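The chain contents come next:
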Amino acid sequence: MPDSRTRALHAKLQLLSIALGWDMQPSNSFTGPTRKMPPSASAVDFFQLFVPDNVLKNMVVQTNMYAKKFQERFGSDGAWVEVTLTEMKAFLGYMISTSISHCESVLSIWSSGFYSNRSLALVMSQARFEKILKYFHVVAFRSSQTTHGLYKVQPFLDSLQNSFDSAFRPSQTQVLHEPLIDEDPVFIATCTERELRKRKKRKFSLWVRQCSSTGFIIQIYVHLKEGGGPDGLDALKNKPQLHSMVARSLCRNAAGKNYIIFTGPSITSLTLFEEFEKQGIYCCGLLSVRKSDCTGLPLSMLTNPATPPARGQYQIKMKGNMSLICWYNKGHFRFLTNAYSPVQQGVIIKRKSGEIPCPLAVEAFAAHLSYICRYDDKYSKYFISHKPNKTWQQVFWFAISIAINNAYILYKMSDAYHVKRYSRAQFGERLVRELLGLEDASPTH
């Protein structure tokens, strides 16, 4: 939930919008879950808001289809038996368990080492798990019309997006960014430099639109770093063009809802913000002379004066509703916004130096971005540790991790949280045991 300063900032913004006659509130200002879950709802109930049985059944069908075709081509596999829905749930449970234990290999469950877990290992043999892992698929075959590089996971991403849209109504303020995905600290400490370099070379980047008051991830966009076309290597050569394309994709369902979108330097640009304003989307972004597309902005505001001003002083240039703010605080910080009045005062509170005056846009940016940083610190450590070689599988497990984090956020906003207050780690452990059929699906136990 937002802290007292964030709530006060929202109240200040609402009063400002009334005073200036701006209609800055969405048509429906309710924020939170769209469905009331019962107090007896279990961890798997919240998870299946996003990954329901019909999606899991499709994974069962596609995995069995792929296994059959694979064996027709490369020879029969006498040890293979068609996977069932119960086994698919257990398979997901094993994978999700790596996000709690942070073990490098899911096979550690069946080992005799530190990460072994006898109660989980008894549900399914290691040999059976490895067979399912070998043939696991979400989409077994490419259709003749499919050209997208993520065709093996795109239907799942579309289903997940529809579930996010139907399960949660976001706040007015949102953030576009690349979420922090923690690597396993034990692996980082023990791996060689060559392994570490190889580890970091992902073939895709993951961007999200995130509710800044709850941390709920509203929308996911995956950008492949290889391939031709507008989203391939050619686009990578023009970073501002790429990042504008990412922003448009993430905000394609946000038009006309008067959302305020906070952006980092790579996305912030005058052209993009003006385009969004015509769609009823307002923006506030940090601007960087080195990273941002500064086309159309006055050069006088982009160069630092020879003599630094006093802390808290700022300059403003306006073009219609758009304001370019240059604020000084041990360095020059530039902001571009059409969501906040540049004349409205805010304040940044520092422990040692006390209050530093600033425009309201600067205070708002700091408040909402700091919340997202806290979200990353809290939830990024629970991404599934299993790292397959195939790009579509990497995307799939990242998407599953985001779905679980979103499920926990909905759980914390439900009556079930007041029955038994699970931490994020406890929620993950409970979800694993429920998927493996080891727990009665009720948080009262």
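Residues numbered from 1 in each chain as written. Predicted model: local features only at pLDDT ≥ 70, side-chain atom pairs only at ≥ 80, totals over all residues. Heavy atoms only, no water.

In the nomenclature of an unreviewed UniProt entry, the protein chain corresponds to PiggyBac transposable element derived 5 from the organism Rhinopithecus bieti.

## A closer look at the sheet that holds strand β5 (residues 217-224)
Reading across from one edge, β5-β4-β3-β6-β7-β10-β9-β8 is the order of the 8 strands in this open sheet, with mixed pairing throughout. Whereas interior strands pair on both sides, the edge strands pair on one side only; in this sheet they are β5 and β8 (314-319). Geometrically, the sheet is characterised by an average inter-axis angle of 15° between neighbouring strands, direction not taken into account. Examined bridge by bridge, β8 and strand β9 (residues 322-328) share 6 bridges and lie antiparallel to one another. (Pairing = 2+ DSSP bridges. Helix = DSSP H or I, 4+ residues; strand = E, 2+ residues; numbered from the N terminus. Axes fitted to C-alpha atoms, helices over the stretch in contact; angles between N-to-C directions.)

## Topic: the pattern of salt bridges
Throughout the structure, instances matching the rule amount to 7 salt bridges. The salt bridge partner of D53 is K89, with a shortest N-O separation of 3.2 Å. In this pair, D53 sits in helix α3 (residues 53-74) while K89 sits in helix α4 (residues 85-101), placing the two residues 36 residues apart along the sequence. Since its relative accessible area comes to 28%, D53 is described here as partly exposed. R430 serves as the salt-bridge partner of E434, at 3.1 Å between the closest nitrogen and oxygen. Highlighted residues: E434 and R430, both in helix α16 (residues 424-435), separated by 4 residues, approximately one helical turn. (Salt bridge = Lys/Arg side-chain N within 4 Å of Asp/Glu carboxyl O. Buried < 20%, exposed > 50% of the residue type's maximum accessible area, 1.4 Å probe, protein only.)

## Description of the side chain of S323
For S323, the position within the fold is in strand β9. Overall, S323 belongs to the buried group, its relative accessible area being 0%. Setting aside its immediate chain neighbours within four residues, S323 contacts K317, M318, F335, L336, T337, Y340 and P342. (Contact = heavy atoms within 4.5 Å.)

## A few points about the environment of I356
When you line up the elements, I356 lands in strand β12 (residues 354-359). For I356, a relative accessible area of 4% translates into the label buried. For the pair I356 and Y328, spaced 28 residues apart in sequence, the C-alpha to C-alpha distance is 9.9 Å.

## Description of helix α12 (residues 270-278)
What α12 keeps buried is the set L270, L272, F273 and F276. Buried residues in α12, looked at end-on, bunch into an arc of 165°, giving them a common side. As for α12, its buried residues are in contact with α11 (239-250), β6 (260-263), β7 (282-287), β8, β9 and β10 (332-337). (Arc of directions from axis to C-beta.)

## Some thoughts on a positive patch on the surface
A surface patch of positive charge is lined by R311, K330, K350 and K352. The class of K330 is exposed, set by a relative accessible area of 69%. (Patch = residues over 30% accessible without salt bridge, like charges linked within 9 Å, V, L, I, M, F, W, Y side chains within 5 Å. Areas by Shrake-Rupley, 256 points an atom, 1.4 Å probe, with all protein chains shown as cover. Lys, Arg positive; Asp, Glu negative; His and termini not counted. Charge placed at Lys NZ, Arg CZ, Asp CG, Glu CD.)

## Structural notes on the packing of aromatic side chains
In this structure the tally under the stated criterion is 33 aromatic pairs. Note on F70 and F74: the rings are 4.8 Å apart at their centroids and 45° apart in plane angle, and the pair reads as tilted. Of the two residues, F70 and F74 both sit in helix α3, 4 residues apart, roughly one turn of that helix. A relative accessible area of 24% means that F70 is categorised as partly exposed. Ring geometry for F396 and W397: centres 4.8 Å apart, planes at 80°, overall edge-to-face. (Phe/Tyr/Trp six-rings, centres within 6.5 Å; stacked < 30°, edge-to-face > 60°.)

## With respect to the packing of helix α13 (residues 360-379) against helix α14 (residues 391-412)
Running from amino to carboxyl end, α13 crosses α14 at an angle of 110°, the nearest separation of the two axes being 12 Å. The orientation of α13 relative to α14 falls into the category roughly perpendicular. Between α13 and α14, the residues in contact are Y375, K378 and Y379 and N405, Y408, I409 and K412, respectively. Residue composition of the contact of α13 with α14, by class: 4 nonpolar, 1 polar and 2 charged. (Parallel < 35°, antiparallel > 145°, perpendicular 65-115°, else oblique. Nonpolar A, V, L, I, M, F, W, Y, C, P; charged D, E, K, R; others polar.)

## Examining a nonpolar patch on the surface
A cluster of nonpolar side chains, namely V61, M65 and F141, defines an oily patch on the protein surface of about 250 Å² accessible area. Within the secondary structure, M65 is located in helix α3. With a relative accessible area of 36%, M65 lands in the partly exposed category.

## Structural notes on the nonpolar core
Ranked by internal contacts, the top residues of the largest apolar core, which has 83 residues, are F46, F50, F156, F396 and I400. Residues from two domains meet in this core; each of domain 1 (41-143 + 422-434) and domain 2 (152-378) gives at least three. The next biggest cluster of nonpolar side chains, apart from the first, holds 28 residues, and it includes Y221, C251, C283 and L302. (Core = buried A, V, L, I, M, F, W, Y, C linked by side-chain atoms within 4.5 Å. Domains from an automatic or database assignment.)

## A word on the packing of α4 against α14
The contact between α4 and α14 brings their axes to 11 Å, and the two run at 85°. Between α4 and α14, the crossing angle belongs to the class labelled roughly perpendicular. Of the residues in α14, those in contact with F91, L92, M95 and I96 of α4 are F396, W397, I400 and I404. Residue composition of the contact of α4 with α14, grouped by class: 8 nonpolar, no polar and no charged.

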